[in-house]
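# An overview of the molecular structure
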Amino acid sequence: MTNRKKRIYEVIEVSNIGDDSSRAYDVMITVAVIVGLLPMTLKSESIYTRIIEFSTSLLFFVDYCVRVYTADYKMGYKSVEAYIAYIFTPLAIFDLLSIVPVISLFLPVSGLIRLLKLFRTFRVLKLVRYSKTMRIIANVIRKVKSQLLAVLILIVIYIFVSAMMIYQLEPDLFNNFFDALYWATISITTIGYGDISPVTTLGRMITMLSALVGMAVIALPTGIITAAYMNEINKKKSKYEL
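Just so it is clear, the model here is predicted, and its values are computed rather than measured.

## So, a nonpolar patch on the surface
Side chains of Leu149, Leu152, Ile153, Val156, Ile157, Phe160, Val161, Met164 and Met165 sit close together on the surface and give an oily, nonpolar patch of about 780 Å² of accessible area. Tracing the chain through its elements places Phe160 in helix α9 (residues 145-169). Overall, the relative accessible area of 38% leaves Phe160 in the partly exposed class.

Take a look at the structure:
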């Protein structure tokens, strides 16, 4: 029983050289992910898109159950806590969310159902398991998540502050505070659609400041991720050379 369970784990994980069964499983899941996203490229549903949705969701459900079943091997320790811990890992959560859209096949169309269909995009994240480069990037983001969170908090604070300032300076320009937040967001990202443009001197000064701050803010996470990525690559090279 133990050997069979271990073999199942080896098959569903990233294939090793010479393991044809695991390689075939990887290809099957990859194809299922690609095919499962096809309905999102169409405006309307048909019997064919429903078949695709049901069959791929069933495959993803089986994949999820098997991964939970072998979670003790994945987590590296054998106890009930291993299964619970695995269920709350990011990839396991995304796996579960990628199955949710199948509910839309059995319920009438509504705003909530349309929202559930968007969860199909989480299926792309399943490919992270089968790409060495994507796994490296995932490890990098995991290592610098605290720094990225700090940058995100800084961005959110600045957006709210600039939105409150412009909302007070030019109240007639916005219908509500959310419009001010929208303006602050597109300004700090230096996009500036032009649909909301301040007319006062102070308002334009705040806009220019937001654009300048935006360039610095964009550079911060880029530099953090790049430095961590290069450090990870150098570690891989050093390990290989040894």
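## A look at the confidence of the model for the chain
In this model, the chain carries a mean pLDDT of 82, and residues with pLDDT of at least 70 account for 93%. No element of the chain has a lower mean pLDDT than helix α7 (residues 111-117), which averages 74, and none a higher one than helix α3 (residues 47-69), which averages 90.

## Quick word on the pattern of salt bridges
All told, the structure shown has 10 salt bridges when counted by the stated rule. Between Glu10 and Arg7 there is a salt bridge, with its nearest N and O atoms 3.4 Å apart. Placement of both Glu10 and Arg7 in helix α1 (residues 2-12) is noted, with a separation of 3 residues, approximately one turn of the helix. Residue class for Glu10 comes out partly exposed when judged on its relative accessible area of 35%. Taking relative accessible area as the criterion, Arg7 reaches 33% and is therefore assigned partly exposed. For Glu13, the salt bridge goes to Arg67, with nearest N and O atoms at 3.2 Å. Note that Glu13 is positioned in the loop between α1 and α2 (20-36) and Arg67 in helix α3, a separation of 54 residues in sequence. Residue Arg67 is classed as buried on the basis of its relative accessible area, which comes to 2%. One continuous salt-bridge network, built from bridges that share partners, spans Glu13, Asp63, Arg67, Lys74, Asp95 and Lys126.

## Observations regarding the packing of aromatic side chains
Counted under the stated rule, the structure contains 6 aromatic pairs. Grouped by ring-pair contacts, the aromatic residues Phe160, Tyr167, Phe174 and Phe177 constitute a single cluster. Positioned above the aromatic ring of Tyr69, the side-chain terminus of Lys5 is 4.8 Å from the ring centre. Geometry around Tyr73 places Lys78 over its ring, the cationic atom sitting 3.7 Å from the centre.

## Here we look at the packing of α9 against helix α10 (residues 177-188)
Interaxial distance between α9 and α10 falls to 8 Å at its minimum, and their mutual angle equals 125 degrees. By the angle between their axes, α9 is oblique relative to α10. When the axes of α9 and α10 are compared, the crossing they make is right-handed. Seen from α9, the contacting residues are Ile155, Tyr158, Ile159, Phe160, Ser162, Ala163, Met164, Ile166 and Tyr167; seen from α10, they are Phe177, Ala180, Leu181, Trp183, Ala184, Thr185 and Ile188. Residue composition of the contact of α9 with α10, grouped by class: 14 nonpolar, 2 polar and no charged.

## A short note on the nonpolar core
In this structure, Ile155, Ile159, Phe174, Trp183 and Ile188 are the most contacted members of the largest nonpolar core, which totals 15 residues. Every element with two or more residues in this core is listed here: α9, α10 and α11 (201-241). For this core, the leading source of residues is α9, giving 6 residues. Beyond its immediate sequence surroundings of up to four residues, Ile155 is in contact with Ile188 and Val217. Ala32, Phe60, Tyr64 and Ile99 belong to the second largest nonpolar core, which has 14 residues in total.

Scoring rules and cut-offs
- Residues numbered from 1 in each chain as written.
- Predicted model: local features only at pLDDT ≥ 70, side-chain atom pairs only at ≥ 80, totals over all residues.
- Heavy atoms only, no water.
- Patch = residues over 30% accessible without salt bridge, like charges linked within 9 Å, V, L, I, M, F, W, Y side chains within 5 Å.
- Areas by Shrake-Rupley, 256 points an atom, 1.4 Å probe, with all protein chains shown as cover.
- Salt bridge = Lys/Arg side-chain N within 4 Å of Asp/Glu carboxyl O.
- Helix = DSSP H or I, 4+ residues; strand = E, 2+ residues; numbered from the N terminus.
- Buried < 20%, exposed > 50% of the residue type's maximum accessible area, 1.4 Å probe, protein only.
- pLDDT = per-residue confidence, 0-100.
- Phe/Tyr/Trp six-rings, centres within 6.5 Å; stacked < 30°, edge-to-face > 60°.
- Lys NZ or Arg CZ within 6 Å of the ring centre and 35° of its normal.
- Axes fitted to C-alpha atoms, helices over the stretch in contact; angles between N-to-C directions.
- Parallel < 35°, antiparallel > 145°, perpendicular 65-115°, else oblique.
- Left-handed = near helix turned anticlockwise from the far one by under 90°.
- Contact = heavy atoms within 4.5 Å.
- Nonpolar A, V, L, I, M, F, W, Y, C, P; charged D, E, K, R; others polar.
- Core = buried A, V, L, I, M, F, W, Y, C linked by side-chain atoms within 4.5 Å.

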